[in-house]
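Observations on chain architecture
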Amino acid sequence: MGPIDQGDAKMTTAGLETQPSATTYELGDLVSQAWSGRIHVPHFQRDFRWGTTDVLRLFDSIVKGYPIGNLLLWVRKTPARSFTLGQLKIDAPASPDALWVVDGQQRITSLANALSPEGHLHEPFSIYYDLREKRFIAQPKTREPQHIALPVLFDLKKLLGWFRTEGELVAELFDEADRVATALRQYRVPAYLVRQDDLDILTDIFDRMNNYGKRLNRAEIFSALYAGPEEGAAERLNLSRIADRIAARTGFGTIDTDTVLASILARRGPDPSRDIRNEFSSTGRRTAPEFEDEDQYAAYGEGEEALVRAIGFLQAEAEVPHIALLVYRALLVVLTRFFAHFPDPEPNTRRLLRRLYWRVAVSGPAVFKGSFTQVSRVLCARIRKGDERGSIMGLMDAMAEAQPSIPTIERFRTNEAAAKIILSSWWSLRPRSLVTGVPLDLQSLSTLLADQKTAATVAHVIFPRGLTAQQVLYAANRLFLPSAEDPVSEITTLLAHRPDHLDDETWDRVLASHNMSRQTSRSLAEGDREGFLQQRQQIIQQHLNDFLGRMAEWDYEDTPSLDSLDFDALDELDEPQELF
């Protein structure tokens, strides 16, 4: 089955042959069916996203008798298959009437795992009940006699055994345990059962449900609309798989699927925020795709390659080694469109792209009047197929009103744009190990940051205590050290004293790579924190000024290179014209 033409599904009166039937399941029966393999999750569903707080609230609602929402289950004949449900490995037998979850995946996955001895071993399913406090809790650091694991509470035989052994000291609380256990097992979960073989209609239902009051993001809806049949889903390319492959190929970290989707859409057309329901349909589109005769999976593959080229540019030329240092993800979308149309731009174009990135990163919100969510749409429209020179000049013109600006170094928070800019400037110094003196490489940084969205784990606080509230936030109170070998607990000692095995020249390079000098090192050795911070703030400020001046090149003309100009055409214009 090919991509779904949503225009057809939504504009005709064709629908379900029979209305969904309503039923209810006792929670105990529902969970047993999940464990036995009768309940399946379609591949077009989003990944499990709940955290511990969500799971706690679910069980609290159940015991209080609150409604937890209806399930929507698709009844269909299903062959034997193996799959995972949360942390559970399920070997499902063939069934003439298996239940596939169209709505309710987060709830069913949480119930099946938190109440299972195997699933309970993993977060966010490690839930306990405090019999004395009468509330559900996450796995406690210290187990008290009144803390009982949910799989034990849920199983009457195990519950009785627990009170004869571990729970002997809280025997007076048996009635509370029995009350909660009974409430869990007998809670009735309402469900609608849909009997329909047409996957198009099922995904149309899914789309409508998740576009009216549901909190699915755009990428998740897109993935559902273009999921294709269940068969072969494990081998087909999708947004999540593209993100994983790019992370493995580049060391840039895992890009969120919304950004992957926006990048793929930007490659195919100038508006990455356009309607997604007719993206791979021959009808219903306002504009034709810029890469004609391209099917869904070709678009995925080529989109991945354009993203890889854009990331390569960021890492090699813009000093942005990892997504945790990417100031605005909208800029990655714009760069993907550019490198899709111009895979190997000329050197001067690449230089102008570097200027563009840093000018937008530093001054973008002001230029776009605070509406930075529109930056990808505005800039992507400047990139025209087949016109590299016109495209880069259009991009630079969009930033013509940008003014030189330097972010503050008085407030360093790794999730804020200013800190990401500062970190990129530090990365340009190629930070060295405080132990070996060797520059730390991209592989080391990528390994330590992995899928993290900020660089907090490698931007270490030098003085966690003993400073004023303002001084704690100074950039000078942070050390960018992407090393698994350097002992973080000994940062101050290592910075204050040259290791015996390092010569003076190497030691000076180590200090310089961390925005330090011999003087700042001496201040640290003498216990002069105030002097250390002031001296290092000055060095950081000067380097940041130099870095942004070199990257954004504010004082340079944004003109194309001489090589890109057609002098023959210019000569023709200068020749005298004959008059007739």
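See the structure shown above.
Just so it is clear, the structure is predicted and the values come from calculations on it, not from any experiment.

**A look at the overall build of the chain**
- Across its full length, the chain carries 24 helices and 12 strands.
- Within the span of the chain, comprising 580 residues, buried residues form 52% of the whole.
- Sequence separation of 24 or more characterises 72% of the internal contacts of the chain that already satisfy a separation of 6 or more.
- Summed over its atoms, the accessible surface of the chain is roughly 27800 Å², and 49% of this surface lies on carbon and sulfur atoms.

**What about the nonpolar core?**
- Of all hydrophobic cores here, the largest spans 109 residues; its most connected members are Leu-314, Val-320, Leu-353, Tyr-357, Trp-358, Leu-379 and Leu-395.
- Ranked by residues supplied to this core, first place goes to helix H14 (residues 347-367) with nine residues.
- What Leu-379 contacts, discounting residues up to four positions off in sequence, is Leu-331, Val-334, Val-360, Phe-368, Leu-395 and Ala-398.
- Core analysis: the next-biggest nonpolar cluster, separate from the first, contains 51 residues, Leu-99, Phe-136, Val-180 and Val-189 among them.

**Description of unusual backbone geometry**
- Following Glu-123, the chain continues to Pro-124 via a peptide bond in cis, the omega torsion being 5 degrees.
- Topologically, Pro-124 is positioned in the loop between helix H4 (105-114) and strand E7 (127-130).
- Not every positive phi belongs to a glycine, and Asn-515 is a case in point at roughly 55 degrees.
- Mapped onto the fold, Asn-515 is located in the loop between helix H21 (504-513) and helix H22 (518-525).

**Focus on the sheet that holds strand E2 (residues 39-40)**
- The five strands lie next to each other as E1-E10-E3-E6-E2, forming an open sheet whose pairing is mixed. The sheet terminates laterally at strand E1 (21-26) and E2, the two strands that pair on one side only.
- Taken together, the six bridges between strand E3 (residues 71-78) and strand E6 (residues 95-103) define a ladder with antiparallel strand orientation. Bridge pairing in E6 links Leu-72 to Asp-103.
- Together, E1, E2, E3, E6 and strand E10 (188-195) form the strand contacts of helix H2 (residues 27-36), whose direction differs from that of E1 by roughly 95 degrees.
- Here H4 sits on the sheet and contacts E2, E3 and E6; the angle it forms with E6, its principal contact strand, is near 115 degrees.

**Details of helix H17 (residues 417-427)**
- Across the 11 residues that make up H17, a large majority, 10, are buried.
- Among the residues making up H17, those that are buried are Ala-418, Ala-419, Lys-420, Ile-421, Ile-422, Leu-423, Ser-424, Ser-425, Trp-426 and Trp-427.

**Here we look at the side chain of His-514**
- Secondary-structure assignment places His-514 in the loop between H21 and H22.
- One polar contact links the side chain of His-514 to the main-chain carbonyl oxygen of Arg-432, over a distance of 2.7 Å.

**Some words on the packing of helix H3 (residues 52-64) against helix H7 (residues 174-186)**
- Where H3 meets H7, the closest approach of the two axes is 8 Å, and the angle between their N-to-C directions is 100 degrees. With respect to each other, H3 and H7 are oriented roughly perpendicular. In contact with Phe-59, Ile-62 and Val-63 of H3, H7 contributes Arg-179, Val-180, Ala-183 and Leu-184.
- Within the contact of H3 with H7, the residues separate by chemical class into six nonpolar, no polar and one charged.

**Concerning the pattern of salt bridges**
- In total, this model carries 28 salt bridges according to the counting rule given.
- A salt bridge links Asp-271 to Arg-377; the shortest N-O distance between them is 3.5 Å. Linking Asp-271 in the loop between helix H11 (257-268) and helix H12 (296-317) with Arg-377 in helix H15 (residues 375-380), this pair joins segments that are 106 residues apart in sequence.
- A salt bridge links Arg-274 to Glu-279; the nearest nitrogen and oxygen atoms lie 3.0 Å apart. Summarising the burial analysis for this pair, Arg-274 and Glu-279 share the class buried.

**Quick notes on the pairing of strand E4 (residues 81-85)**
- Summarising the sheet, E4 and strand E5 (residues 88-92) pair through five bridges and their orientation is antiparallel. Counted as the bridge partner of Ser-82 is Asp-91 from E5.
- Hairpin geometry of E4 and E5 is characterised by an intervening segment of two residues between the two adjacent antiparallel strands and by a positive phi of about 65 degrees at Gly-86.

**Topic: the environment of Tyr-187**
- Tracing the sequence through the fold places Tyr-187 in the loop between H7 and E10.
- Between the C-alpha atoms of Tyr-187 and Ile-62, which are 125 residues apart in sequence, the distance is 6.7 Å.
- Not counting residues up to four positions away in its chain, the partners in contact with Tyr-187 are Tyr-25, Glu-26, Leu-27, Ile-62, Gly-65, Tyr-66, Pro-67 and Ile-68.

**Topic: helix H6 (residues 156-164)**
- Of the positions making up H6, those classed as buried are Leu-159, Gly-161, Trp-162 and Phe-163.
- Turning to H6, the residues buried within the fold contact strand E9 (147-149), helix H5 (150-154) and H7.
- In this structure Asp-155 caps H6, since a side-chain oxygen of it lies 3.1 Å from the backbone nitrogen of Lys-157.

**Description of the packing of aromatic side chains**
- Taken as a whole and judged by the stated rule, the model has 17 aromatic pairs.
- Here the aromatic rings of Tyr-129 and Phe-136 are separated by 4.9 Å at their centres, their planes lie at 65 degrees, and the arrangement is edge-to-face. Comparing Tyr-129 with Phe-136 shows no difference in burial state: the two are buried.
- A ring pair is formed by Phe-280 and Tyr-300, whose centres lie 6.4 Å apart and whose planes are at 85 degrees; its orientation type is edge-to-face. Of the two residues, Phe-280 is situated in the loop between H11 and H12 and Tyr-300 in helix H12; the sequence distance between them amounts to 20 residues.

**Regarding the environment of Val-378**
- The topology assignment puts Val-378 in helix H15.
- By relative accessible area, Val-378 is classed as partly exposed at 34%.
- The spatial distance from the C-alpha of Val-378 to the C-alpha of Phe-368 is 9.1 Å, given a sequence separation of 10 residues.

**Regarding the sheet that holds E7**
- The three strands are arranged E8-E7-E9 in an open sheet whose pairing can be described as antiparallel. In this open sheet, the two edge strands, each paired with only one partner strand, are strand E8 (135-138) and E9. Sheet twist, expressed as the average angle between the axes of neighbouring strands with direction ignored, equals 40 degrees.
- Summarising the sheet, E7 and E8 pair through four bridges and their orientation is antiparallel. In the strand pairing of E8, Asp-130 is matched with Arg-135.
- Sheet contacts for H3: E7 and E8; angle to E8, the most-contacted strand, approximately 165 degrees.

Reading the values: the criteria
- The numbers attached to residues start from 1 for each chain and follow its sequence in the written order.
- Predicted model: local features are reported for residues with pLDDT of at least 70 only, side-chain atom pairs are reported and counted for 80 or more only, and whole-chain, interface and lining totals are derived from all residues.
- Derived side-chain values reflect all non-hydrogen atoms in the structure, with water molecules and hydrogen atoms excluded from consideration.
- Helix and strand assignments come from DSSP, with helices taken as H or I runs of at least 4 residues and strands as E runs of at least 2, each series counted from the N terminus.
- To sort residues, take the accessible area from a 1.4 Å probe on protein chains only and compare it with the maximum for the residue type: under 20% means buried, over 50% means exposed, and anything in between is partly exposed.
- By the convention used here, residues are in contact when the closest approach between their heavy atoms is within 4.5 Å.
- Accessible areas in this description were obtained via Shrake-Rupley with a 1.4 Å probe; residue shielding takes into account the shown protein chains only.
- As used here, the term nonpolar core means buried Ala, Val, Leu, Ile, Met, Phe, Trp, Tyr and Cys residues forming a set that is joined through side-chain atoms within 4.5 Å.
- At least two bridges found by DSSP between two strands is the condition for calling them paired.
- Structural elements are reduced to axes, namely lines fitted to C-alpha atoms, with helices fitted over the stretch in contact, and the angle between N-to-C directions of any two is expressed from 0 to 180 degrees.
- In the analysis that follows, any N or O atom pair within 3.5 Å is treated as a polar contact, provided that within protein one partner can donate a hydrogen and the other can accept it, and provided that, for residues neighboring in sequence, both atoms belong to side chains.
- For this classification, under 35 degrees means roughly parallel, over 145 means roughly antiparallel, 65 to 115 means roughly perpendicular, and everything else is oblique.
- Polar here means any residue other than Ala, Val, Leu, Ile, Met, Phe, Trp, Tyr, Cys and Pro, which are nonpolar, and Asp, Glu, Lys and Arg, which are charged; Gly is therefore polar.
- Every case where a carboxyl oxygen of Asp or Glu lies within 4 Å of a side-chain nitrogen of Lys or Arg is listed as a salt bridge.
- Aromatic rings from Phe, Tyr and Trp, taking only the six-membered ring of Trp, are treated as a pair when their centres fall within 6.5 Å; an angle between ring planes under 30 degrees marks them as stacked, one over 60 as edge-to-face, and anything in between as tilted.

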